[in-house]
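# A look at the structure
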Amino acid sequence: MLTGGGGNTAVVVGTAGVVVVDTKNPGWGRPILDTIKTLTPKPITTIINTHTHGDHTGSNQFFPASVDIIVQENTAANMARMDAFKGDNAKFLPKRTYKDKTSIGAGKDQIDLYYFGRVHTDGDTFVVFPALRTMHMGDLFPWKDAPFLDRSNGGSGVAMPQTLDNALKGIKNVDTIVGGHQPLVQWKDLQEYQRFNADLLAAVQAAKKAGKSVDEAATSINLTTKYAGYESARTKAAIQAIYDELDKK
Ligand SMILES: [Zn+2]
């Protein structure tokens, strides 16, 4: 895991080359490449972007256009709408996409990509490295706080608990998790994060049903006592996004 400069990057050295998951903000290609050179002389063959945001796709352009870029198909559509990939830079858009599941590599090089539904956007990939019992979740699990629900890119707080539950049931044999913007976490932390989001959604739905405003709901909803180590800096924004989604705004 390479920290700094935006979202956490995962680097996996395989038999034939290096796979990079997420490329941070613009300007971070050189630091990523320099770090990889301290690990291996092998070439970078593949980039996987967990989702569309510029702090996870920002340095795609630094790498040769021959590098294979793979994303979930909704993320490909979201990226194509970004200014960063317009005009000449369209050549750095992903050429390979998948819908629900795909695998690349074989044996100990195998990497599994899963899409389980809308969360942070409508195209977030769970990237699983079976031989390492590790997965990169990007902003499917960015921090221990309320999620950032990017409704302009199809994010959904209403779908989120179910999507995470789908992943808990559909992914096996993972111990260690790379999240978008936090230190390494474990499978049990993801189980807890799913429960946190289910509780958050239920509390927001109840507050809305009781006629509370977003401000009133933000004052009354506090999950940090039940969930030790969790922050509430992002609770109000998540409540607003869920209210808007329920109102179909
Ligand atoms: Zn993001």
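Residues numbered from 1 in each chain as written. Predicted model: local features only at pLDDT ≥ 70, side-chain atom pairs only at ≥ 80, totals over all residues. Heavy atoms only, no water.

## What about the overall build of the chain?
If you tally the helices and strands in the chain, you get seven helices and eleven strands. Its C-alpha atoms give the chain a radius of gyration of 18 Å, within 12% of the compact-globule value 18 Å for 249 residues. Along the first, second and third principal axes, the C-alpha atoms of the chain reach 60 × 40 × 30 Å. In the chain, buried positions account for 53% of the 249 residues. Put simply, of all contacts in the chain between residues at least 6 apart along the chain, 65% involve residues at least 24 apart. As displayed, the chain offers around 10,900 Å² of accessible surface, 53% of which is attributable to carbon and sulfur atoms. Distance between charge centres in the chain, computed from 28 positive and 26 negative side chains, equals 2 Å. (Helix = DSSP H or I, 4+ residues; strand = E, 2+ residues; numbered from the N terminus. Rg over C-alpha atoms; globule rule 2.2 N^0.38 Å. Buried < 20%, exposed > 50% of the residue type's maximum accessible area, 1.4 Å probe, protein only. Contact = heavy atoms within 4.5 Å. Areas by Shrake-Rupley, 256 points an atom, 1.4 Å probe, with all protein chains shown as cover. Lys, Arg positive; Asp, Glu negative; His and termini not counted. Charge placed at Lys NZ, Arg CZ, Asp CG, Glu CD.)

## Comments concerning the packing of helix 4 (residues 160-170) against helix 5 (residues 187-209)
The geometry of helix 4 relative to helix 5 is characterised by a closest axis approach of 8 Å and an angle of 155° between their N-to-C directions. Comparing the axis directions of helix 4 and helix 5 gives the class roughly antiparallel. Judged by the sense of rotation from one axis to the other, the crossing of helix 4 with helix 5 is left-handed. Along the contact surface, helix 4 presents M160, P161, L164, D165, A167 and L168, while helix 5 presents W187, L190, Q191, Y193, Q194, N197, A198 and L201. Partitioning the contact of helix 4 with helix 5 into residue classes produces ten nonpolar, three polar and one charged. (Axes fitted to C-alpha atoms, helices over the stretch in contact; angles between N-to-C directions. Parallel < 35°, antiparallel > 145°, perpendicular 65-115°, else oblique. Left-handed = near helix turned anticlockwise from the far one by under 90°. Nonpolar A, V, L, I, M, F, W, Y, C, P; charged D, E, K, R; others polar.)

## Observations concerning unusual backbone geometry
Its identity is not glycine, yet K24 carries a phi of approximately 60°, on the positive side. Residue placement: K24 occurs in the loop between strand 2 (18-21) and helix 1 (29-39). Here K24 falls in the buried class, since its relative accessible area comes to 1%. Unlike most non-glycine residues, R133 shows phi in positive territory, near 50°. One can find R133 in the loop between strand 8 (126-129) and strand 9 (134-138).

## Structural notes on the sheet that holds strand 9
Pairing in this open sheet of six strands is mixed, and the strands run 6-7-8-9-10-11 from one edge to the other. Each edge of the sheet is formed by a strand with only one pairing partner; in this case those strands are strand 6 (101-104) and strand 11 (185-186). Pairing of strand 6 with strand 7 (residues 111-114), which is carried by four bridges, proceeds in the antiparallel orientation. What sits directly across from I104, in strand 7, is I111. (Pairing = 2+ DSSP bridges.)

## Overview of the pattern of salt bridges
The full count for this structure, using the stated rule, is twelve salt bridges. The salt bridge partner of K99 is E73, with a shortest N-O separation of 3.7 Å. In this pair, K99 sits in the loop between strand 5 (96-98) and strand 6 while E73 sits in helix 3 (residues 73-80), placing the two residues 26 residues apart along the sequence. Look at E73 and you get partly exposed, because its relative accessible area is 33%. Among the salt bridges present, the one from D247 reaches K208, with a minimum N-O distance of 2.7 Å. (Salt bridge = Lys/Arg side-chain N within 4 Å of Asp/Glu carboxyl O.)

## Here we look at the coordination of the zinc ion
Ideal coordination angles are 109.5 degrees for a metal with four donors arranged tetrahedrally and 90 or 180 degrees for a metal with six donors arranged octahedrally. The protein atoms that coordinate the zinc ion are H51 (NE2), H53 (ND1), H120 (NE2) and D139 (OD), at distances of 2.2 Å. Read from N- to C-terminus, the donor residues coordinating the zinc ion fall into the pattern H-x1-H-x66-H-x18-D. Placement of H51 in the loop between strand 3 (44-48) and helix 2 (54-57) and of H120 in the loop between strand 7 and strand 8 is noted, with a sequence separation of 69 residues between them. The class for H120 is buried, based on a relative accessible area of 2%. (Donors = N, O, S within 2.8 Å, 3.2 Å for Na, K, Ca; no water.)

## Considerations on the packing of aromatic side chains
One pass over the structure, following the stated rule, counts eight aromatic pairs. Ring plane angle 5° and centroid distance 6.4 Å describe the contact between Y193 and F196, whose orientation is recorded as stacked. Of this pair, Y193 and F196 are both found in helix 5, three residues apart, which corresponds to roughly one turn of the helix. One exposure class covers both Y193 and F196, and it is buried. Here the aromatic residues F141, Y193, F196, Y227 and Y230 are joined through ring pairs into a cluster of three or more. Just above the ring of Y243 sits the side chain of K208; from NZ or CZ to the centre is 5.6 Å. The ring of W143 has R234 sitting right over it, with the charged end atom 3.6 Å from the ring centre. (Phe/Tyr/Trp six-rings, centres within 6.5 Å; stacked < 30°, edge-to-face > 60°. Lys NZ or Arg CZ within 6 Å of the ring centre and 35° of its normal.)

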